[in-house]
Structures are given as C-alpha cells and as structure tokens.
Amino acid sequence: DTGVSQDPRHKITKRGQNVTFRCDPISEHNRLYWYRQTLGQGPEFLTYFQNEAQLEKSRLLSDRFSAERPKGSFSTLEIQRTEQGDSAMYLCASSLARGAGGWGNIQYFGAGTRLSVL
Amino acid sequence: DAKTTQPNSMESNEEEPVHLPCNHSTISGTDYIHWYRQLPSQGPEYVIHGLTSNVNNRMASLAIAEDRKSSTLILHRATLRDAAVYYCILRASGTYKYIFGTGTRLKVLA
C-alpha cells in the first residue's frame, strides 16, 4: 500500500517532554499538510509544505511546535515541552499539485498519531 | 474567514437516499467546495468536489446552489458503511489553509 503513513500511531508522554511524529506522504506528492483534531471536532489546519518549503503556519502552531520537510519527502512535527492541552490526534495529508479542476487540492490523509499527555 | 455550517447529525435508513446540506456563504468566486468523510479511528477520506456545476462520481453526487452559498452531498443509497462524519470544507481565500468545521455525523439505520 502506498498511502500516507504516520508513525507512531499512538504516543503517551508526560507533561514537559518533547515528542516527534513522522509522516511519509504518497510518493511524488509535493504538497503536505499537518492538522490537529480533538474529540468531537473537525481537523484544524496547522501547517503546509510545498516540496521542502513551509509556506503557511497557523496561529495554532505556537513556538513549541516545529515542522520540517527536508528534501521534500517525509515530514516531522515536533512538540517541545508538551502540555495536557496538546493531547489530540495529529493528522498528516498529502496532495499532488496538478492542472485546473481542483484535483490538486484533493488531500490523502494518514490514519494519524494519537498523542496523550499525562 | 471561510466558514462552513452543517447540521450536527442526521439519520437515514439503509438503502434510502441521504441529502447532507452545507452552507458556505463566505465562499469566494474561485474556491472549490470539497467533501470528505471520516470513519471512526481513520483519517478523513475524499468524497467529491466541485466549483459551480453539479458533479457525480461513484461515491456520491454534489449539488451546488446557483449562488454557490450552499451545497448538498447526495448519497443515493445509504449503506451501513456510509456511517461517518461528513465534512464540507473550503480553503481560506488567498491561503493554503483548509477549514473543516464540525461536520455532520451520519447514522444509518438497518
């Protein structure tokens, strides 16, 4: 299967610890997104990469959050000094920029990493 | 900012058609309307998208109002596997930020 892969699927950590999540997009997809989803809510946009360039960040992405996409392939999302409020599902999605018709905006999502901060 | 409004929940009987509405009165002229669904413990899954004309694919149909301020996702024959949260989403104008909202939880009754 060549879908979007996220690792780990679950992460339990203590408050104050740093955590890092990895996302492997669909091969050749040049667009990559990170979202955060809390219980009963829809996904909230965090950040967007086009190839290796981080072109947009949400105000939700505080100084404790950082994302990278070296070489325009996989991406990592790091949360430093975790807080209980960071507990959520972190979703990654990728898409392939293409011609007209809105097809390039179709995002393929991974299954997410569920973070629990104790 | 782009915003969508959907009913929190809807119910349908199996094998019956389902019409899921979405209001998006702030949509700009060039933004596409996308619909995704999310099954339990999974990431969202693309369903359909459109700009102005009604659209059909193997999963569903999308009816877009003439003024583009609302749209309706149509599942022609609901099955138990269609039970999910359905989101209509827009991109915030001039950005790469997609707005999901809280979606509609569809319950399909056997």
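From a predicted model like this one, the values you see are computed outputs, not experimental measurements.

How would you summarise the overall build of chain B if you had to cite specific residues and measurements?
Each helix and strand counted, chain B has zero helices and 10 strands in total. Reading chain B from its N end, one meets helices and strands in the order β-β-β-β-β-β-β-β-β-β. Since a compact globule built from 110 residues should have a radius of gyration of about 13 Å, the 13 Å found for chain B is in line with a globular shape. Here the contacts in chain B between residues at least 6 apart in sequence split such that 54% fall between residues at least 24 apart. As presented, chain B carries roughly 5600 Å² of accessible surface, and 47% of it is formed by carbon and sulfur atoms.

Can you break down the pattern of salt bridges residue by residue, with the values?
Residues and elements named next belong to chain A. In total, this model carries six salt bridges over all chains according to the counting rule given. The partner of Asp 24 in a salt bridge is Arg 22, and the shortest N-O contact between them spans 2.7 Å. Taking the relative accessible area as the measure of exposure, Asp 24 reaches 27% and is therefore partly exposed. On the basis of relative accessibility, which here comes to 33%, the residue Arg 22 falls in the partly exposed class. Of the charged contacts in the structure, one is a salt bridge between Asp 86 and Arg 64, with a shortest N-O distance of 2.8 Å. With Asp 86 in the loop between strand E8 (75-79) and strand E9 (88-95) and Arg 64 in the loop between strand E6 (53-57) and strand E7 (65-68), the pair connects residues that are 22 residues apart, well separated along the chain. Residue classification places Asp 86 among the buried positions, given a relative accessible area of 3%. Under the relative-accessibility criterion, Arg 64 is labelled buried at 12%.

Before we move on, could you go through the nonpolar core and cite the residues and values that matter?
Counting 22 residues, the largest nonpolar core has Leu 20, Trp 35, Leu 73, Leu 75, Tyr 86 and Leu 106 of chain B as the members making the most contacts within it. Among the elements of the structure, strand E2 (18-23), strand E3 (33-38), strand E4 (45-50), strand E6 (61-64), strand E7 (70-75), strand E8 (84-91) and strand E10 (104-109) of chain B are those that each provide at least two residues to this core. If one sorts the elements of this core by residue count, E8 of chain B sits on top with four residues. One finds Phe 21, Leu 32, Ile 79 and Cys 92 of chain A within the second-largest nonpolar core, a separate group that totals 19 residues.

Can you explain the pairing of E4 of chain B? Please cite residues and give values.
Residues and elements named next belong to chain B. By the criterion of burial, E4 is predominantly enclosed, with five of the six residues buried. Sheet topology places E3 next to E4; five bridges connect them, and they run antiparallel. Pairing of Tyr 36 across the sheet is with Tyr 46, part of E4.

Tell me what's going on with the sheet that holds strand E5 (residues 55-56) of chain B, and back it up with residues and numbers.
Residue and element names in this part refer to chain B. Strands sit in the order E2-E7-E6-E5 across an open sheet of four strands; the sheet is antiparallel. Each edge of the open sheet is held by one strand with a lone partner, namely E2 and E5. Relative to E7, E2 runs antiparallel, the two being bridged by six bridges. Within E7, the residue paired with His 19 across the bridge is Ile 74.

Got a sec to walk through the packing of aromatic side chains? Specific residues and values, please.
Here the structure, examined in full by the defined rule, presents 13 aromatic pairs over all chains. Ring geometry for Tyr 33 of chain A versus Tyr 48 of chain A: centroids 4.9 Å apart, planes at 40°, classification tilted. Here Tyr 48 of chain A lies in strand E5 (residues 44-50) and Tyr 33 of chain A lies in strand E4 (residues 31-37), a separation of 15 residues in the sequence. Per residue, the accessibility class of Tyr 33 of chain A equals that of Tyr 48 of chain A, and both read buried. Aromatic pair Tyr 33 of chain A and Tyr 98 of chain B: ring centres 5.9 Å apart, planes at 80°, arrangement edge-to-face. You can see Tyr 33 of chain A sitting in strand E4 and its partner Tyr 98 of chain B sitting in strand E9 (residues 98-99), one on each of two chains. Of the residues examined, Tyr 33 of chain A reaches a relative accessible area of 1% and is grouped as buried. A connected cluster of aromatic rings, assembled from ring pairs, spans Tyr 33, Tyr 35, Phe 45, Tyr 48 and Phe 109 of chain A together with Tyr 36, Tyr 46, Tyr 87, Tyr 96, Tyr 98 and Phe 100 of chain B. The ring of Phe 74 of chain A carries the charged tip of Arg 22 of chain A above its face, separated from the ring centre by 3.9 Å.

Reading guide: rules and limits
- Starting afresh in each chain, residues are numbered from 1 along the sequence in its written order.
- The order in which chains are written sets their letters, starting at A; the order in which ligands are written sets their numbers, starting at 1.
- Confidence filtering applies because this is a predicted model: local features only for residues at pLDDT of at least 70, side-chain atom pairs given and counted only at 80 or more, and all residues used for totals across whole chains, interfaces and linings.
- Hydrogens are left out, water is left out, and the side-chain values use all remaining heavy atoms of the structure.
- Helix and strand assignments come from DSSP, with helices taken as H or I runs of at least 4 residues and strands as E runs of at least 2, each series counted from the N terminus.
- Only the C-alpha atoms count toward the radius of gyration. The rule for a globule is 2.2 Å times the residue count to the power 0.38.
- Contact criterion: two residues are considered in contact whenever any of their non-hydrogen atoms come within 4.5 Å of each other.
- Each accessible area is a Shrake-Rupley estimate made with a 1.4 Å probe; only the visible protein chains count as cover when residues are assessed.
- The salt bridge definition used is simple: a Lys or Arg side-chain nitrogen within 4 Å of an Asp or Glu carboxyl oxygen.
- A simple rule labels every residue: compare its accessible area, found with a 1.4 Å probe on the protein chains alone, to the largest value its type can have, and call it buried under 20%, exposed over 50%, or partly exposed in between.
- Buried residues of nine kinds, namely Ala, Val, Leu, Ile, Met, Phe, Trp, Tyr and Cys, make up a nonpolar core once their side-chain atoms join them within 4.5 Å.
- DSSP calls a pair of strands paired once it identifies at least 2 bridges connecting them.
- For Phe, Tyr and Trp, where Trp contributes only its six-membered ring, two rings pair if their centres lie within 6.5 Å, and the inter-plane angle classes them as stacked under 30 degrees, edge-to-face over 60, or tilted in between.
- We call a charge positioned above a ring when the Lys NZ or Arg CZ atom is no farther than 6 Å from the ring centre and deviates by at most 35 degrees from the ring normal.

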